[in-house]
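Listed here are the chains, written in short residue letters.
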Amino acid sequence: MGTPIPLPIMPGDLTAIGPLLAVVIAAAGFLAVDMAFTREELKNRWTFIIGIIGAALAAVTALMLDIGTGESRLILGEALYADLYTVFFDLLFALLMGASLVLSWTAVERARMKPVEFYSLAAFSFAGMFLTSRAADLLSLFLAIELLSMPLYVLAGFATTSKTGREAALKYFVLGSVASAILLFGIALMYGGTGSIDYVELGAQVSSGGRDSPLVLAGLALILAGLAFKVGAVPFHMWTPDVYEGSPTAVTALMATGVKAAGLAAAIRFLAGPMAAALSYVSVMLWWIVALSMVVGNAGAMLQSNVKRLLAYSSIAHAGYILMGLLGDSLGTAAAVYYTAVYVLSVAGAFGVVQYFGDGDRELETVDDFNGAAKRHPWISLLFTIFLLSLAGIPPTGGFVAKFFVFGSAIQTGHIGLALLGVLTSVIGIYYYLRLVIAMWMKDEGRPVLAELSPTSWVVLGLLAASVLALGCMPGWLWLIVQSAVVSLV
Amino acid sequence: MPAPLEYLAVSCILFGIGIAGVLTRRNLLVILMSIELMLNSANLAFLTFSRLHGQLHGQVIAIFVMTVAAAEAAIGLAIVVALFRQTGSVRIDEATRLRG
Amino acid sequence: MALMPISIVLLLSNFLSSTASGQMLQLSIPWVPSLEIEISLVMDGLSMLFALLISGIGALIAIYAGGYLADHPQLNRFNLYLLSFMLAMLGVVLTDNLITLFIFWELTSITSYFLIGFDHEKEEARKAALQALLVTGLGGLAMLAGLLILGEIGGTLEISELVANGVLIRRSPLYVPALLLILAGAFTKSAQFPFHFWLPNAMAAPTPASAYLHAATMVKAGVYLLARMNPILGGTTWWFALLSLFGGTTMLVGALVGIRQTVFKRILAFSTVSGLGTLVMLIGLGTDQAVQAAMLFLVAHALYKGALFLVAGIVDHQTGKKDILQVGGLAGALPMTAMAAGLAALSMGGIPPLFGFIAKEALYESALHMGYFAIPAVVAVVTTGILYLGMGLLVGVGPFLGARPSELGRVREAHWSMWMPPLVLAGTSLLFGVRSGLIEHTLLSPAMKSIVGYRFPTHLGLWHGFSFALVLSLFSMAMGVYVYLRIEDIRRAFRPFDEIVHEFTGANYDRCMTNLMAFARWQTDLLQSGYLKNYLLIIFASTISLTTYTLVSRAGSFSLPFDLPPVLHEVILVAVILAATVSAVFQKSRLGAIATLGIVGYGVALIFATFGAPDLAMTQLLIETLTVILFVLVLYSLPGFTRLSSKGHRFRDAVISIMFGALMTTLVIAALDVQFSPSISAEMARKSYPEAHGRNVVNVILVDFRGIDTMGEITVLSLAALGVFALMKLRPEKEEEV
């Protein structure tokens, strides 16, 4: 080793973690706002301004990254990646952060949370999310996941009006930290088996090892379990319904979109990136996780009358559909990424709408509460319907195209049985999503109350709906981007 | 000096005790301690492997993990206190309102 | 409202001359270029025939709906749904790409869902709409899987290109799965037995929608698909057997159940089921005559069934009666309607000179030429033909003749916009019957060419000379009239049959839904009990099985570093230790537990001794003795064990613990096997000063080599502080005290 090893921080590295820095600075800004002002209106106004600037800055710095020829670049002492994949997820998370700032405001105040406190904790969680898609070794992965989870443990129990918030926080925390411990022990075993935590080197060792070390195998299985927990896949899903239901809706929205996407970003990077050779060791397990997630998630959602719980169960099913993509080839990985994007946009929209329905302190809880919504509030019901149809996978929405890509890749790689199970369970999905649509459009007796939407909220919801439709009608352009992003993974 | 393998065995046993504690105890504080035990057993494994491989990576990871564990413990305790203030109990089998 | 379908008809007729000459017009727009999915439109004889039916009948329905729903506050919404449905349906028959075909296919399901559920205040309508959507949606998605497999084995998603690869596809091992899946889509959509039950239930839709969707167009999408797939998938034994079996059964069952209904729309619905079965069977038979009969029957059926539905709507609208037993003698009050009804009923019964007669002749003719299968085929089609005439008379003639029940009151003829469309349809039946040449060469034979791949001569006409088919025809006419006259007895005779059919079909759907719900409830109760304990248990159990499976599945590829033959006294020692451990777990008193634990300890000491470590054995012996004494002293004054958890729970926890212990033991043993690399810490130490100017290696790594992670770490700490502060600050409010 005679050649000098370059210093870890290279010029351009800071741009590459720009989005991360932007949200961390925004988080610091929120704290400063909390200290600097005493009047609530000023606090709120500045929180909003700083948050939007932070999100915009994150998006801009993400776009500034020079991706060169599309190959993946390792930065900061080979701890993180910088490539099209990170840019893709950066933009998604920046969008989510903006959407959360605009759409969750009412729900945050309704749950008697202080916006400045909510958003400073949320910003830390977003920092964790920005880190998940870039993690290039197991330590970064662990830290990213911890960073994104911990603020949510707190936020889950944050609402003082909720009777169930504390229980949700307790369950989320205990199960979450146990999952972290399992993940960490897996990392330890993996490190023990190979002497490395770098994805690239791990991948090289796994694919050239010739003889599989049991430590590596056990480590891999434990890491898979930890990741499956964060993604909310069966049989590590039990926290999802309870925590989604019990947490304040603004927090649930964050979990259903950000946490899910970040977990998937990490899982896809880990399983389809340089470590792809290891996937074959756990593919049978992944098959079962996918199959069970689709069955349990959809069957569970059928029974629910609580809307948040229904969306929670359905999110389990979607995790299954997305992970199905990983069983395929690179086309399948691209399908998984595409599905993630569509899912996140649709759920962000759906929760965005749900957060505005309600009367004073009370939110709309059950499906029946939405009876007659279309009669009184046709436009927002229309938007909600678009998001629900996308989640149900009905053309011409993005949800359909995403399902088509995933099932298509599964069939191409010979997982016909799994694809058929996916098809069968999708029909259950149509059944329960349509219950909400029926409640809104076909039952007239109820009179749900809608909080006032600011013009910005309309714009954001409209944009989300438009993008969901655009992804269904013109999938070509995003598909191209996703494909190149997936190519840069390997 | 014992071979590193013994340390590894201790680490595995600690992790097992942690799991057993989480599974069988009803007091939230004890469960918190058990989770800490699991994290620390992973630390021990890192250190052992670090020694076995003759590297420092493992030690560095251990330092990171300790900090994370501290943060997690802090949040866990905060949740315990919040729950205690609300229900007056720290037994986890009393929190079953969310189900189904 | 009717302008749009009419302009589509005019637009289509521009291309009529080119499709009539057997040309195929194509147009494609790239959609997802990287996956070669295109929105490609194609227009050949088959597409043209369907497209004209869809838009032509669509125009009439739009006019009719204007009258039928004139007082309905949401007429515009109905029109919107109807138009979207029509466009989706046109998409199905005009697209050349399997994927876009599927998309339009599902869109017809969705729009028909809204049409069936249009009167959504009625619970029954909502339920029927959902049932139709679930059944056809499920079939549609299965079809998607089939189409994808087809695309995979055919190498392209374009139907026109797949035709060229037909032989290759039929020989593929994946041919049968693909066929079954595609048939699942076609059979559910076209209401084939045993999936037909949704169609009669879907009669909850407003009558214009029933006439359009459930008689003329949507249910024929499955038939269209089969016709379209015939050159690709057809010609095999599977194809022949499945289609003719399902089609034939559906044809008979539909007719037999339909004849004993008394509600207008239910009679029509079951006869439609039967008609769809006929079409599927004919395509399955696949001979030239059968295909010709299929196309004739398709047109004839669309004309007379559409007209009869509309007539049923008029009777309902003007009298408020939905049952044929409640009406009679309406001919005077509804003269125009009665004329349309009569013509349509006769066409349905296959009476010359209506078009239905030509279709029926062709049907009998093709059944007669089935070789081995001729006898059952002829029996089936003649039975159906007899029942068709019976049903046609019941719906189209009975209500207008005889005595008028007094409770009907005054009945007025409907608005012209309502009686005109059925009259046009029925009149067309007459026109095509008398002048069949009008459509023979322009529409029918190009469509047949699309199905079989070549053009064959056709001879349409009312008079084919004296043939066996004519004899059968006369026989069935006579029997049909007889059935109509003796309808009371027939209703009674067929009653048990009705229930058997329901048991096989609709009841199965209900059972499926109930079972699904029960399964959902069972798994939710199992997994989502609300108890954190159980969640943890499931997570650990799954983690352990995941890990164990991963290890076991690869067990062949690594070996454990042991090669010691077991010696007798070692085996005995191990057995004693194990026995003592087990008994320690199950001891009821503390003292007993301690004593058995002592045995375990001494056993271990003995093992040390046999492995040549006497000093270790000595220490172990002393420690063990001391521990036992101490334990006994401390615990002597404590009470016995209290049972905290049930036997089942203890057993469950024990299993988890044993599994975990076994796993960990394996891992520790496995760690022996790892090839550990030589020290590279020296390199880190060497690197640390020149590169990072620090002498404490760990420090250097933290702040320099892993600087970014340290930043993340600091962030973690700060957020933890923030979180703790925030949670502590919260004081529960009064209202939430529990």
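On a predicted model such as this, the values are computed, not experimentally measured, just so you know. (Residues numbered from 1 in each chain as written. Chains lettered and ligands numbered in written order. Predicted model: local features only at pLDDT ≥ 70, side-chain atom pairs only at ≥ 80, totals over all residues. Heavy atoms only, no water.)

> Before we go on, may I ask you to explain the overall build of chain B in this structure?
When helices and strands are counted, chain B shows three helices and zero strands. In chain B, the succession of helices and strands from N to C terminus is α-α-α. Taking the principal axes of its C-alpha atoms as reference, chain B extends roughly 50 × 25 × 25 Å. The buried share of chain B, reckoned over its 100 residues, is 56%. (Helix = DSSP H or I, 4+ residues; strand = E, 2+ residues; numbered from the N terminus. Buried < 20%, exposed > 50% of the residue type's maximum accessible area, 1.4 Å probe, protein only.)

> Is there a simple way to think about the overall build of chain C in this case?
Of the regular secondary structure elements, chain C holds 32 helices and two strands. Counting every position in chain C, which comprises 738 residues, the buried fraction comes to 56%. Long-range contacts, defined as pairs at least 24 residues apart, comprise 78% of the intrachain contacts of chain C with a sequence gap of at least 6. Accessible area of chain C: about 31,100 Å², with a carbon and sulfur share of 69%. (Contact = heavy atoms within 4.5 Å. Areas by Shrake-Rupley, 256 points an atom, 1.4 Å probe, with all protein chains shown as cover.)

> Whenever I open this one, the environment of F93(A) confuses me. Can you help?
All names here are of chain A. Looking at the element boundaries, F93 is found in helix α4 (residues 84–103). In the structure, F93 is positioned 299 residues away from A392 in sequence and 23 Å away in space, judged by C-alpha atoms. If we ignore the near neighbours within four places in the chain, the residues touching F93 are F126, M129, F130, T132, G258, A261 and A262.

> It is not clear to me how a nonpolar patch on the surface should be interpreted in this structure. Could you clarify?
Side chains of V284(A), W288(A), L292(A) and Y549(C) sit close together on the surface and give an oily, nonpolar patch of about 360 Å² of accessible area. With three residues, the single largest contributor to the nonpolar patch is helix α13 (residues 276–303) of chain A. By the secondary structure assignment, V284(A) is in helix α13. Accessibility expressed as a relative area gives 37% for V284(A), which makes it partly exposed. (Patch = residues over 30% accessible without salt bridge, like charges linked within 9 Å, V, L, I, M, F, W, Y side chains within 5 Å. Salt bridge = Lys/Arg side-chain N within 4 Å of Asp/Glu carboxyl O.)

> When you look at unusual backbone geometry in this model, what are you seeing that I'm missing?
Following V234(A), the chain continues to P235(A) via a peptide bond in cis, the omega torsion being 5°. For the bond running from P395(A) to P396(A), omega is 5°, close enough to zero to count as cis. Note that P396(A) resides in the loop between α17 (378–392) and α18 (398–412). Residue R112(A) is not a glycine yet carries a positive backbone phi of 60°. Tracing the sequence through the fold places R112(A) in the loop between α5 (105–110) and α6 (115–132). Residue classification places R112(A) among the partly exposed positions, given a relative accessible area of 40%. We note that A191(C) has phi near 50°; this positive angle belongs to a residue other than glycine.

> Would you mind going over the interface of chain B and chain A with me for this structure?
Interface size is commonly expressed as the accessible area that is lost once the parts come together. If you look at the interface, chain B gives 39 residues, while chain A gives 40 residues. For the pair chain B and chain A, the interface holds four residue pairs in polar contact (both at pLDDT 80 or more). Within the residue set of the side of chain B that touches chain A, elements represented by two or more residues are α1 (4–24), α2 (28–53) and α3 (57–87) of chain B. (Polar contact = N/O pair within 3.5 Å; in protein donor to acceptor, adjacent residues only side chain to side chain.)

> Which parts of the structure should I look at to understand the environment of M295(C)?
Residue and element names in this part refer to chain C. Take M295: it is sitting in helix α15 (residues 288–319). Along the chain, M295 and A241 lie 54 residues apart, while their C-alpha atoms are 20 Å from each other. What M295 contacts, discounting residues up to four positions off in sequence, is L46, L49, L444, A447, M448 and I451.

> Help me understand the pattern of salt bridges in this model?
A side chain with one charge may pair with a side chain of the opposite charge, provided their charged atoms come close. Residue and element names in this part refer to chain C. If you walk through the whole model with that rule in mind, you get 13 salt bridges over all chains. Note that D316 is salt-bridged to K322, the shortest N-O span being 3.1 Å. What makes D316 buried here is its relative accessible area of 15%.

> Quick question: what am I supposed to make of the confidence of the model for chain C here?
Close inspection of predicted coordinates is inappropriate in any region flagged by low pLDDT. Residues and elements named next belong to chain C. Confidence in the prediction for chain C averages 80 pLDDT; 84% of positions are at 70 or higher. Summarising per-element confidence for chain C, the mean pLDDT is lowest in helix α30 (residues 681–692) (57) and highest in helix α9 (residues 175–189) (91). Low pLDDT, under 50, characterises residues 677–681; the stretch is placed with ten contacts to residues that sit more than four places away or in other chains. The model gives residues 732–738 a pLDDT under 50, and that stretch makes 13 contacts with residues more than four places away or in other chains. For this predicted complex, the interface score ipTM comes out at 0.94, alongside a pTM of 0.83. (pLDDT = per-residue confidence, 0-100.)

> How should the packing of helix α8 (residues 165–194) of chain A against α3(B) be read in this particular structure?
When two helices pack together, you describe them by how their axes are tilted relative to each other and by the distance separating the axes. Their axes nearest at 10 Å, the elements α8(A) and α3(B) cross at an angle of 165°. With respect to α3(B), the axis of α8(A) lies roughly antiparallel. Considering how the two elements wind past one another, α8(A) and α3(B) form a crossing that is left-handed. On α3(B), the residues that touch R166(A), E167(A), A169(A), L170(A), F173(A), S177(A), S180(A), L184(A) and Y191(A) of α8(A) are H57(B), G58(B), V65(B), E72(B), I75(B), G76(B), I79(B), A82(B), L83(B) and Q86(B). Looking at the contact of α8(A) with α3(B) residue by residue, the class counts come to ten nonpolar, six polar and three charged. (Axes fitted to C-alpha atoms, helices over the stretch in contact; angles between N-to-C directions. Parallel < 35°, antiparallel > 145°, perpendicular 65-115°, else oblique. Left-handed = near helix turned anticlockwise from the far one by under 90°. Nonpolar A, V, L, I, M, F, W, Y, C, P; charged D, E, K, R; others polar.)

> Sorry, what's going on with helix α5 (residues 98–116) of chain C here?
In an α-helix, one turn spans 3.6 residues, which is why side chains three or four residues apart end up on the same side. All names here are of chain C. End to end, α5 covers 27 Å across 19 residues, agreeing with the expected 27 Å (1.5 Å per residue, within 8%). The buried fraction of α5 is high, at 17 of 19 residues. With a side-chain oxygen lying 2.8 Å from the backbone nitrogen of I99, the N-terminal cap of α5 falls on N97. (Expected span 1.5 Å × (residues − 1).)

> How should empty space enclosed by the protein be read in this particular structure?
Evaluated as defined, the whole model comprises twelve cavities of 30 Å³ or more. If you add up the space inside the largest cavity, you get close to 140 Å³. Along the walls of the largest cavity sit 18 residues, with G393(A), I394(A), I430(A), E106(C) and L141(C) positioned nearest its centre. Counting residues per element, the ones that place at least two in the lining of the largest cavity are α18 and α19 (416–442) of chain A together with α5 and α6 (123–154) of chain C. When the residues that make up the lining of the largest cavity are grouped by side-chain class, the tally is twelve nonpolar, four polar and two charged. (1 Å grid on protein atoms, 1.4 Å probe; cavity = no way out; pocket = protein on both sides within 12 Å on 5 of 7 lines; lining within 4 Å. Points joined across faces, edges and corners; volume = space filled by probe spheres on them.)

> Before we go on, may I ask you to explain the packing of aromatic side chains in this structure?
To describe a pair of aromatic rings, you give the distance between the ring centres and the angle between the ring planes. Residues and elements named next belong to chain C. In this structure the tally under the stated criterion is 38 aromatic pairs over all chains. Residues Y64 and Y68 carry aromatic rings whose centres are separated by 5.7 Å and whose planes lie at 15° to one another, so their mutual orientation is stacked. Linking Y64 with Y68, this pair stays in helix α3 (residues 45–68), spanning four residues, or about one helical turn. With a relative accessible area of 14%, Y68 lands in the buried category. (Phe/Tyr/Trp six-rings, centres within 6.5 Å; stacked < 30°, edge-to-face > 60°.)

> I would appreciate a short explanation of the environment of W238(C) in the present structure.
All names here are of chain C. If you trace the backbone, W238 turns up in helix α13 (residues 237–258). W238 gets classed as partly exposed once you look at its relative accessible area, which sits at 43%. Residues W238 and L180 lie 58 residues apart in sequence; the distance between their C-alpha atoms is 9.3 Å. Aside from chain neighbours lying at most four places away, what touches W238 is Y175, V176 and L179.

> So what exactly am I meant to see when it comes to the nonpolar core here?
The nonpolar side chains of soluble globular proteins are, as a tendency, buried together. Of all hydrophobic cores here, the largest spans 466 residues; its most connected members are L138(A), F270(A), Y338(A), F370(A), L150(C), L233(C) and M295(C). If one sorts the elements of this core by residue count, α15(C) sits on top with 21 residues. A domain split of this core shows at least three residues from each of domain 1 (261–485) and domain 2 (530–683) of chain C. (Core = buried A, V, L, I, M, F, W, Y, C linked by side-chain atoms within 4.5 Å. Domains from an automatic or database assignment.)

> Quick question: what am I supposed to make of helix α1 (residues 3–14) of chain C here?
Residues and elements named next belong to chain C. Here α1 spans 17 Å end to end across twelve residues, near enough to the 16 Å set by a 1.5 Å rise per residue. Regarding α1, the residues found buried are P5, I8 and L12. Across the axial projection of α1, the buried residues extend over an arc of 55°, all falling on one side. Along α1, the residues that are exposed and aim more than 90 degrees away from the buried face are L3, L10 and N14. (Arc of directions from axis to C-beta.)

> How should I be thinking about the confidence of the model for chain B in this particular structure?
On average, residues of chain B carry a pLDDT of 80, and 95% of them reach 70 or more. Taken element by element, the predicted model of chain B shows its lowest mean pLDDT in α1(B) (79) and its highest in α2(B) (85).

> Please clarify how the packing of α6(C) against helix α12 (residues 220–233) of chain C should be interpreted in this entry.
Residues and elements named next belong to chain C. Between α6 and α12, whose axes approach to 14 Å, the crossing angle comes to 25°. Taken together, the axes of α6 and α12 lie roughly parallel to each other. As α6 packs across α12, the resulting crossing turns out to be left-handed. On the side of α6, the interface is formed by M143, L147 and L150, while α12 contributes L225, M229, I232 and L233. Split into classes, the residues belonging to the contact of α6 with α12 amount to seven nonpolar, no polar and no charged.

> Before we go on, may I ask you to explain the side chain of D90(A) in this structure?
Here D90(A) is to be found in helix α4. When sequence neighbours within four positions are dropped, the list of residues in contact with D90(A) reads P19(A), A62(A), F130(A), S133(A) and R134(A).

> Help me understand the side chain of D198(A), please; the structure alone is not making it clear to me.
Looking at where D198(A) falls in the secondary structure, it is placed in the loop between α8 and α9 (199–208). Filtering out sequence-adjacent residues up to four positions away, D198(A) remains in contact with E78(A), A136(A) and D137(A).

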